[in-house]
Amino acid sequence: MTQNQFLSLSLFLLTFLTAGPLSRTLTDAAGGGNWAVLKPSIGISAMHMQLLNNDKVVIFDRTDFGRSNISLPNGKCRVDPNDTALTNDCTAHSVEYNVATNGIRALTVLTDVWCSSGALTPDGRLIQTGGFNDGDHVVRIFRPCSGCDWEEINSGLTNRRWYATNQILPDGRQIIIGGRRQFNYEFYPKTSATVAYNLPFLVETNDPQEENNLYPFVFLNTDGNLFIFANNRAILFDYLKDVVVKKYPQMPDGNPRSYPCTGSAVLLPLKLFQGNAAGGAEVLVCGGAPKGTYTSAKKGTFVGALNTCGRIKITDPNPQWVMENMPTARVMGDMVMLPNGNVLIINGGSAGSAGWEYGRNPVLNPVIYHPNNRAGSRFEGQNPSSIPRMYHSAAILLRDGRVLVGGSNPHIYYVFTNTLFPTELSLESFSPSYLDPGSANLRPNIISPVSQTKIGHKQRIVVRFTVPGMVNANLVSVTMVAPTFTTHSFAMNQRLLVLGGGTVSTVGMSTYEVGVVTPGSGILAPSGFYMLFVVHQEIPSQGIWVQIQ
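The present account deals with the structure reproduced in this document. (Residues numbered from 1 in each chain as written. Predicted model: local features only at pLDDT ≥ 70, side-chain atom pairs only at ≥ 80, totals over all residues. Heavy atoms only, no water.)

**Considerations on the overall build of the protein chain**
Note the following rule: Per the convention used, a helix needs a DSSP run of H or I reaching at least four residues, while a strand needs a run of E reaching at least two, with both numbered from the N terminus. Based on C-alpha atoms, the radius of gyration is set beside the globule rule, defined as 2.2 Å times the residue count to the power 0.38. Any two residues whose heavy atoms approach within 4.5 Å are treated as being in contact. The protein chains shown are the only cover counted for residues, whose accessible areas, like all others here, come from Shrake-Rupley with a 1.4 Å probe.
In terms of regular secondary structure, the protein chain is built from 3 helices and 46 strands. In summary, the protein chain has a C-alpha radius of gyration of 23 Å against a globular reference of 24 Å for 549 residues, a match within 12%. Structurally, the protein chain occupies a C-alpha span of about 80 × 55 × 50 Å along its principal axes. A separation of at least 24 residues holds for 63% of the contacts in the protein chain among residues at least 6 apart in sequence. Accessible area of the protein chain: about 19,600 Å², with a carbon and sulfur share of 52%.

Structure follows, in structure tokens:
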């Protein structure tokens, strides 16, 4: 018997043995995850985060907090007579975090980026939009290159954008939706028509007392329309025709899930076959706070957060919300798609709301949601952090499978003493249990394609990988995850695609190949950079960057 024949026989036997009751998945042996403090201080509080395709993370807070704890480069200073805290400021309010070196570089942003939004272009540039005061009409560009800094376009937006949401469209443009007292949307880059378009849904979901429709949850559906959730309900919106094509039922409990009664939301993994969507699209909305919580918090009464999640299949002809209970109530939580298709729910508190000083009872234990498990057994508790992450926190997925966690500043300025929740300048990483050393024997390592490979839509690619131990071919998948712009508990443009249709074959000692087809169009996966992973028995490889052109 040749070596390849022996490997093929072994692979067959292992597949046979693990296909029945003896199968063992990561869920059965979960270790609860591990925490590590990466930087005790990065000089600023991580209110906004975006991972770029050079494995660097752009982080920023706001320019009118007063002095930060990191100086601007080369003796630069920002002079702003309208700044509410400091008119001559020589400290930075944006930094670049280098994942590989754990290093920090101060960046120069001149206009106020507080509570702004952003998304990536197909070539990997961060387009960052809006903010407060002198920043509310500004478009800022950050390029993923060595030594690059912010470029600012002072009148880049038609309308003021503060607490808005950006969504990448199939043609590479961005739609910018809503914001405080902005019941409309616009596009970037601009065509010759620099106009904004009314969106009555944002008027209908605006609570006169609390708003509760800021930072709407927006997802690109598999039909090319936009799923837009605000307050406690959602629509399917055809932005090309400027019409609502479907109204979804109200969330059954009627409670708001948008800022300031802040919940979070994800588009669950899109399963593809031969590049096409297979099985429809589902949205999961978790946490938030009962109606009136923000008003109560302003009066000193901190109402308990919501412990429910709503899940809805947005592609169904008659979609309905299905409710589930989380182990712990949570407001201001972040939801992060992991490479294996599970959802990490992290950060936040169990009482109060978003806003200055209005959150209470930090939730230190994350949970992992397993969307493919049966209802009632989808939530799995994780080990706690020791650092409360309340208002103005953020979390994003890194290419090595860790989750970068930072931020928390419930104060108008930087406050470090004599307060319930001090301004938090640290960066942590949370390593899910799939990174435990005990899983090393199951962990794939991608050999080819190499990182930064360019691919097209509906293209067959062969992914070659190694696994130290025996491989169960039935439990191998290839996933693609879009890097997100995350702020205020929502990861804009978060998207995970499962590339189906591949058969695993043995090509050498501990070396395998799987052929898959990339997403069929920009509707399923807008052009741009994605992290590609091989997942084996729910254990992901380190990702590689691929660029869909």
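Having put the structure on the table, let's press on.
**Quick word on the pattern of salt bridges**
Threshold: Put simply, a salt bridge is a Lys or Arg side-chain nitrogen that is within 4 Å of an Asp or Glu carboxyl oxygen. When accessible area is computed with a 1.4 Å probe and restricted to protein chains, residues below 20% of their type maximum are described as buried, those above 50% as exposed, and intermediate ones as partly exposed.
Per the stated rule, a full pass over the model turns up 21 salt bridges. Note that arginine 311 and glutamate 282 form a salt bridge whose closest N and O atoms lie 3.0 Å from each other. Within this pair, whereas arginine 311 is found in strand E24 (residues 308–313), its partner glutamate 282 is found in strand E23 (residues 282–286), the two being separated by 29 residues in sequence. Its salt-bridge partner being arginine 402, residue aspartate 400 comes within 2.8 Å of it at the nearest N-O pair. Among the residues examined, aspartate 400 registers a relative accessible area of 23% and is labelled partly exposed. We classify arginine 402 as buried; its relative accessible area is 17%.

**Topic: the pairing of strand E16 (residues 217–220)**
Selection rule: Note: two strands are recorded as paired if DSSP finds a minimum of 2 bridges between them.
Of the two faces of E16, the one carrying Phe217 and Phe219 and the one carrying Val218 and Leu220 are both buried. Of the pairings in the sheet, the one linking E16 to strand E17 (residues 226–230) comprises 4 bridges and is antiparallel in character. Residue pairing across strands places phenylalanine 219 opposite phenylalanine 227, the latter belonging to E17. Linking E16 to E17, which pair antiparallel, is a turn of 5 residues; within it glycine 224 sits at a positive phi near 95°.

**Here's the deal with the packing of aromatic side chains**
Applied cut-off: The rule is short: rings of Phe, Tyr and Trp, with Trp giving its six-membered ring, pair when the centres are within 6.5 Å, and they are stacked under 30 degrees, edge-to-face over 60, tilted in between. Sitting over a ring, as applied to charges here, requires NZ of Lys or CZ of Arg to be within 6 Å of the ring centre and within 35 degrees of the ring normal.
Following the criterion strictly, the structure yields 30 aromatic pairs and no others. Taking 5.7 Å as the distance between ring centres and 85° as the angle between the ring planes, the aromatic pair formed by tryptophan 356 and tyrosine 391 counts as edge-to-face. Here the residue tryptophan 356 occupies a position in the loop between strand E28 (349–352) and strand E29 (359–362), and tyrosine 391 occupies one in the loop between strand E31 (379–381) and strand E32 (393–397), the gap between them amounting to 35 residues. Summarising the burial analysis for this pair, tryptophan 356 and tyrosine 391 share the class buried. Of the aromatic side chains, those joined through ring pairs into one cluster are Trp114, Phe132, Trp162, Tyr163, Tyr215, Tyr259, Trp356 and Tyr391. One cation-aromatic arrangement involves arginine 173 over phenylalanine 187; the distance from NZ or CZ to the ring centre is 4.5 Å. Arginine 180 extends its terminal NZ or CZ atom over the ring of tryptophan 162, reaching a point 5.1 Å from the ring centre.

**Considering the sheet that holds E23**
What holds strands together in a sheet is hydrogen bonding between their backbones, with the strands either parallel or antiparallel. Using the following cut-off: In this analysis, axes come from line fits to C-alpha atoms, helices being fitted only over the stretch in contact, and the angle between any two N-to-C directions falls in the range 0 to 180 degrees.
Taken together, 4 strands build an open sheet; the order of strands is E20-E23-E24-E25 and the sheet is antiparallel. The sheet is open, and its two borders are formed by strand E20 (264–267) and strand E25 (322–325), each paired with just one other strand. For this sheet the average axis-to-axis angle between neighbouring strands, irrespective of direction, equals 20°. Here 4 bridges tie E20 to E23, and the two strands are oriented antiparallel to one another. Within E23, the residue paired with serine 264 across the bridge is cysteine 286.

**A look at the pairing of strand E33 (residues 403–407)**
For E33, a buried count of 5 out of 5 residues is recorded, marking the element as mostly surrounded by other parts of the structure. Judged from the 5 bridges that link them, E32 and E33 form a sheet pairing that is antiparallel. Directly across from alanine 395, in E33, lies its bridge partner valine 405. Hairpin geometry of E32 and E33 is characterised by an intervening segment of 5 residues between the two adjacent antiparallel strands and by a positive phi of about 95° at glycine 401. Pairing between E33 and strand E34 (residues 427–431): 4 bridges, direction antiparallel. Residue pairing across strands places valine 403 opposite phenylalanine 430, the latter belonging to E34.

**A closer look at the sheet that holds strand E27 (residues 343–346)**
Here we have 4 strands laid out as an open sheet, ordered E26-E27-E30-E31, and antiparallel in their pairing. The sheet terminates laterally at strand E26 (334–337) and E31, the two strands that pair on one side only. Mean inter-strand twist for the sheet, computed between neighbouring axes without regard to direction, equals 25°.

**Side note on the nonpolar core**
Convention followed: The definition of a nonpolar core used throughout is a set of buried Ala, Val, Leu, Ile, Met, Phe, Trp, Tyr and Cys residues joined through side-chain atoms within 4.5 Å.
Val57 and Ile59 are the most contacted members of the largest nonpolar core, which totals 130 residues. Element by element, the count of residues in this core is highest for strand E44 (residues 528–536), at 7 residues. Non-local contacts of isoleucine 59, meaning those with residues more than four positions away in its chain, are made with Ile42, Ile44, Ala46, His48, Met49, His93, Ser94, Val95, Tyr97 and Leu427. The next biggest cluster of nonpolar side chains, apart from the first, holds 16 residues, and it includes Leu169, Leu220, Ile228 and Tyr239.

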